[in-house]
Amino acid sequence: METPIATNDVASAQALSAEDSANILKIQTLLKAKDDTQRFVGLALLKSILDNSPHLRQDQHVIQALWASLPAKFLDRLLRTGSSSSSRDAKDMLDLAVSVLHTFVVLLPDEAKLQPKFVERIPRLVAAVLQSSDETTNLLLQLLYTLVSSQEGAKTFTAIEDLSPLTEIAPSHPLVLDILCHAWLNAMVSQDKSILATRIDNTIQSLVSSFTGTDAVTLLEFIGKFLRQADVAIIPPNPAWLKTVVTYIQNLVTSRPTPEARSAYTNAAASLLQAFPFQAPELLFSDKKKDEKPFAYLLINLLLIDIRSSVPMLLEQLNKPDYPTTSRRLSSAFDVVCIFIGYLVRSLEDESLDSLVMSPDNLLKLRKGISETMSVTIEYLRDRWDASVAGAMGLHPDARTGPAETSMGSRYTLAWDSMKNNADDDPFTLSAVRALALWLREDENDLLRKEATGLTDMLMDLYRSSSPETLDFRSSVLVALEALVTLEQGREILLNNGGWEIITRDLVSVLQNISRAGLEDVSRGIEAVRVLLAVAEQVNTGTAEAWMDIITTVSAWNIPDQEQTPLSQEFQVAVLQLCCTVLANANPGMRKRYAHSIRAIAGVAHQLSSRLANDSPLAEAMADVLSTLDELGSTV
């Protein structure tokens, strides 16, 4: 039996008035009664004293003692009765139980919210949603949102098979979507991912049905947010709701969207394309109706207009509260454009297709729009990089380290520079560079490429600062450089900014760790060789002495004993081709100094050749490498 708080703690008893002590004792006595009517009266008194006694709300000892006095089974009976009957008394019971729980979840410390007394109420709270009043529904949803913030609460929530009480009210209560997103993301850490994926699939299907007849703006914003953050293992692989969600996007795009709608369909489209790389592009970009202006044209054109109109003003918004929202929308727009470019290139190369994705006239208009957008992007990236890294001309870096205190108040010394994160920490920069890089490579626009060579110093700095733990720009930078080094100006600027050394260092790292390298690392290594080969083959001055470091490194490399994947073998052959080019363009004296290394590389080449299958697609390239090395070896 619990001891009343008035005699349980001397210090607390002295701090409370006689009236408070008597009220608390009365509440505890009523809550411990066996009669539910008396308990209900005690609960009503508890709510009254918590609502009208601010000094007691701040007394953690009182709050903890009152919470301990509240029987969990009694709460369950109130919730169950309230959710199974529409009578006035039942609604009063439900309202009171939810209100008291909501009050305690606000007043108790965070660790208390992990207790079973809170967590085990989640299923009954969900079941009670449809019978609750508007005011109680809002309190109930706030309560659920707080409880699913913990892994324990999220696990209990996601174990509920029927979430229809929540999905039915989601169109009129956006907090439901936040609850679902919060719960799923927290549960994916500890719950069986395959079971969770099934629950997510079923719940989103219910949500999609509930939003029929609405503009679905909040649903699209939710899907965009959730898919962007979710582990791929909990994303349903081929959901039936995908086509309907795309229809919601199409309806918004064609209906003079509001700024909120524009943000929702942009973020949702980007997340769908990234989460479902095979199904989503066909749904969003293919023209089944053969319209004069297909949906893909309308979507991409709107995104390009949004980027062109927003990016020039983005520097002014870096320190404003709404920058993250704007940045995320524009990042998504760049991601959609980037994926569309890839889809377009693949479709143009696919001979099995009977017709183009859209008419040549529309394609030409989009090409012009994309090029204009990328030109604006180049200008922004230059300014952003100067603001974040290079700084304003003549302004000492110390002047940019914090806000300045003036007679007019505290303000940033440079309003257009972000004081929170550098450009290389901004996801928007990555999305912009990725889209720009792909367009530079695929469009073969020399004028735009010349303009983009002015970003080479930024690209190399981004490459150097990249790592798997931070934003990784390396692959995107290599795609851009593949286009830029086709120009003599591009090659010169690359070399003047230490590009050869920076890329070679990464290349060597992949080679030396080839047995542990992942698919992305090996693919990046192949891209790096492609860029370096273009430079080595076309530089008029021949091989520089510093480039011979790669010859020394490869000559000392030991091929791992483990069986190599075809992609790893392709990378290794590509490295040997680079060595052959570097050696072939070196002057005779330089080659003579590296005679021992040439013979060592030839040994590496023969060893790798012996491991290739007879029908390997690399056999011809490998034969050319061996022939070149033998010829070079015979001249030194």
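Taking an unreviewed UniProt entry as the reference, the chain is identified by name as Neurochondrin-domain-containing protein belonging to Stachybotrys elegans.

Asker: Any chance you could explain the overall build of the chain here in plain terms?
Answerer: Summing up its helical and strand segments, the chain has 34 helices and 2 strands in all. Here the C-alpha radius of gyration of the chain, 32 Å, is well above what a compact globule of 636 residues would show, namely 26 Å. With respect to the three principal axes, the spread of C-alpha positions in the chain is 105 × 65 × 60 Å. Of the contacts formed within the chain by residues at least 6 apart in sequence, a portion of 76% connects residues at least 24 apart. Carbon and sulfur atoms make up 51% of the accessible area of the chain, which totals about 29,600 Å². Where the 56 positive side-chain charges of the chain centre and where its 79 negative ones centre are 4 Å apart.

Asker: Looking at this structure, how should I read the nonpolar core?
Answerer: In summary, soluble globular proteins display a tendency toward joint burial of nonpolar side chains. By size, the foremost hydrophobic cluster in this structure holds 210 residues, and its most contacted members are L46, F104, F157 and L272. The leading source of residues in this core is helix α21 (residues 323-349), at 12 residues.

Asker: Explanation requested: the side chain of R121 in the structure shown.
Answerer: Inspection of the secondary structure assignment puts R121 in the loop between α9 (116-119) and α10 (122-127). Classification of R121 by relative accessible area gives buried; the value is 4%. Setting aside chain neighbours within four positions, we find R121 in contact with A72, L75, D76 and P116.

Asker: Explain the environment of V604 to me, please; I cannot follow it from the model alone.
Answerer: Relative to the helices and strands, V604 is located in helix α33 (residues 595-611). Assessed through its relative accessible area of 6%, V604 is described here as buried. Separated by 49 residues in sequence, V604 and S555 have C-alpha atoms that sit 7.3 Å apart.

Asker: Would you mind showing me how to read the packing of helix α31 (residues 566-584) against α33 here?
Answerer: Any two packed helices are characterised by the angle at which their axes cross and by the distance between the axes. Between α31 and α33, whose axes approach to 11 Å, the crossing angle comes to 150 degrees. The angle between α31 and α33 places the two elements in the roughly antiparallel class. Regarding α31 and α33, the two cross each other, and that crossing is left-handed. Of α33, the residues touching α31 (which contributes Q569, Q572, V573, L576, C579 and L583) are I598, I601, V604, A605, L608 and R611. In terms of residue class, the contact of α31 with α33 is made up of 9 nonpolar, 2 polar and 1 charged.

Asker: Would you explain the pattern of salt bridges in this entry?
Answerer: Opposite charge on two side chains lets them pair, provided their charged atoms get close. Under the counting rule described, the total for this entry stands at 24 salt bridges. A salt bridge links R474 to D506; its shortest N-O distance comes to 3.5 Å. Of this pair, R474 sits in helix α26 (residues 474-484) while D506 sits in helix α28 (residues 499-512); the two residues are 32 residues apart in sequence, bridging distant segments of the chain. E545 serves as the salt-bridge partner of R593, at 2.7 Å between the closest nitrogen and oxygen. Of this pair, R593 sits in helix α32 (residues 588-593) while E545 sits in the loop between α29 (519-538) and α30 (549-555), and the two are 48 residues apart along the sequence. Under the relative-accessibility criterion, R593 is labelled exposed at 54%. Each of D472, R474, D506, D521 and R524 takes part in one network of salt bridges that share partners.

Asker: Would you mind showing me how to read the packing of helix α14 (residues 175-187) against helix α16 (residues 217-229) here?
Answerer: Packing of α14 against α16 brings their axes to within 10 Å, and their N-to-C directions diverge by 10 degrees. Relative to α16, the element α14 lies roughly parallel. Mapping the contact onto sequence places L177, D178, L180, C181, W184 and L185 in α14 and T218, L219, F222, K225, F226 and Q229 in α16.

Asker: It is not clear to me how unusual backbone geometry should be interpreted in this structure. Could you clarify?
Answerer: Excluding glycine, most residues fall at negative phi; most peptide bonds, likewise, are trans. Phi at A216 is positive, roughly 60 degrees, even though this residue is not glycine. With respect to the helices and strands, A216 occurs in the loop between α15 (193-210) and α16. When its relative accessible area of 0% is taken as the criterion, A216 is described as buried. Positioned with a positive phi, E444 is a non-glycine residue whose angle comes to about 55 degrees. Its place among the elements puts E444 in the loop between α23 (427-443) and α24 (446-452). Exposure remark for E444: the relative accessible area of 60% places this residue in the exposed category.

Asker: Before we go on, may I ask you to explain the confidence of the model for the chain in this structure?
Answerer: Interpretation of this model should avoid reading the predicted coordinates in detail wherever pLDDT is low. Scored by pLDDT, the chain comes out at a mean of 87, with 90% of its residues at no less than 70. Predicted confidence for residues 392-397 stays below pLDDT 50, and this span has 5 contacts to residues more than four positions away or in other chains. Confidence over residues 411-416 falls short of pLDDT 50; this stretch has 21 contacts with residues more than four positions distant or in other chains.

Asker: Mind showing me how you'd approach the packing of aromatic side chains here?
Answerer: Any pair of aromatic rings gets described here by the distance separating the centres and the angle formed by the planes. All chains considered together, the criterion is met by 11 aromatic pairs. Taken together, a centroid distance of 6.0 Å and an interplanar angle of 50 degrees make the contact between W184 and F222 tilted. Note that W184 is positioned in helix α14 and F222 in helix α16, a separation of 38 residues in sequence. Given a relative accessible area of 1%, W184 falls into the buried group. Judged by relative accessible area, which is 5%, F222 ranks as buried. Geometrically, the ring pair formed by F222 and F226 is stacked, given 6.3 Å between the ring centres and 15 degrees between the ring planes.

Asker: Just to check I follow, could you spell out the side chain of H102 for this structure?
Answerer: Along the chain, the position of H102 falls in helix α8 (residues 88-107). Using a relative accessible area of 15% as the deciding quantity, one classes H102 as buried. Within the local environment of H102, its side chain forms a polar contact with the side chain of Q142, the two groups lying 2.9 Å apart. Non-local contacts of H102, meaning those with residues more than four positions away in its chain, are made with L139, Q142 and L143.

Asker: I tried to follow the state of the cysteines on my own but got confused; where do I start?
Answerer: Two cysteines, two sulfur atoms, one covalent bond between them: this is a disulfide. Tallied over the full model, the rule gives 0 disulfides. The cysteine C580 is free of any disulfide, with C579 supplying the nearest cysteine sulfur at 7.0 Å.

Asker: Honestly, the environment of T198 in this entry has me stumped. Any pointers?
Answerer: Here T198 shows up in helix α15. Looking at T198, the relative accessible area reads 44%, which means it is partly exposed. The spatial distance from the C-alpha of T198 to the C-alpha of L272 is 18 Å, given a sequence separation of 74 residues.

Asker: Would you take a moment to explain helix α18 (residues 259-275) for this structure?
Answerer: Side chains three or four residues apart in an α-helix point the same way, a direct result of the helix having 3.6 residues per turn. Under the 1.5 Å per step criterion, the end-to-end length of α18 is 24 Å for 17 residues, consistent within 8% with the ideal 24 Å. Those residues of α18 lying buried are A261, S263, A264, Y265, T266, N267, A268, A269, A270, S271, L272 and L273. Looking at the buried side of α18, the elements it contacts are α16, α17 (242-253), α19 (279-285), α20 (295-310) and α21.

Asker: In this structure, what is going on with the environment of F157? I would like to understand it.
Answerer: Residue placement: F157 occurs in helix α12 (residues 151-158). For the pair F157 and L147, spaced 10 residues apart in the sequence, the C-alpha separation amounts to 8.9 Å. Among residues more than four places away in sequence, those in contact with F157 are I122, V126, V148, L163, L166, I179, L180 and A183.

Reading the values: the criteria
Within every chain, residues take consecutive numbers counted from 1 along the sequence as written. pLDDT decides what is reported in this predicted model: residues at 70 or higher carry local features, side-chain atom pairs at 80 or more are listed and counted, and totals for whole chains, interfaces and linings draw on all residues regardless. Excluding hydrogens and water, the side-chain values take into account all heavy atoms of the structure. Helix numbers and strand numbers start at the N terminus; a helix is a DSSP run of H or I with at least 4 residues, a strand a run of E with at least 2. The quantity called the radius of gyration is restricted to C-alpha atoms. Its globule counterpart is 2.2 Å times the number of residues to the power 0.38. By definition in these notes, contact holds between two residues if any of their heavy atoms fall within 4.5 Å. Residue-level accessible areas treat just the shown protein chains as cover; the underlying method is Shrake-Rupley with a 1.4 Å probe. We treat Lys and Arg as the positive residues and Asp and Glu as the negative residues; His and chain ends play no part in the count. To locate a charge, take NZ of a lysine, CZ of an arginine, CG of an aspartate or CD of a glutamate. We define a nonpolar core as any set of buried Ala, Val, Leu, Ile, Met, Phe, Trp, Tyr and Cys residues linked to one another through side-chain atoms lying within 4.5 Å. For every residue, the accessible area (1.4 Å probe, protein chains only) is compared with the maximum for its type, and the residue is labelled buried under 20%, exposed over 50%, or partly exposed between those bounds. Note on definitions: angles span 0 to 180 degrees between N-to-C directions of axes, and those axes are lines fitted to C-alpha atoms, for helices only across the stretch in contact. Here roughly perpendicular refers to angles of 65 to 115 degrees, roughly parallel to angles under 35, roughly antiparallel to angles over 145, and oblique to all remaining angles. Handedness of each helix crossing follows the sense of rotation of the near helix against the far helix: counterclockwise by less than a right angle gives left-handed, clockwise gives right-handed. Residues are grouped as follows: Ala, Val, Leu, Ile, Met, Phe, Trp, Tyr, Cys and Pro are nonpolar; Asp, Glu, Lys and Arg are charged; every other residue, Gly included, is polar. Only one rule defines a salt bridge in this text: a Lys or Arg side-chain nitrogen within 4 Å of an Asp or Glu carboxyl oxygen. For every residue, the predictor states its confidence as a pLDDT score lying anywhere from 0 to 100. Within 6.5 Å between ring centres, the rings of Phe, Tyr and Trp (the latter by its six-membered ring) count as paired, and their orientation is classed by plane angle as stacked under 30 degrees, edge-to-face over 60, tilted in between. In protein, a polar contact means a hydrogen-donor-capable atom and an acceptor-capable atom, both N or O and within 3.5 Å, with residues adjacent in sequence counting only if both atoms are side-chain atoms; elsewhere, any N or O pair within 3.5 Å suffices. Any two cysteine sulfur atoms within 2.5 Å of one another count as a disulfide. Helices are assigned an expected span. That span is 1.5 Å times one less than the residue count.

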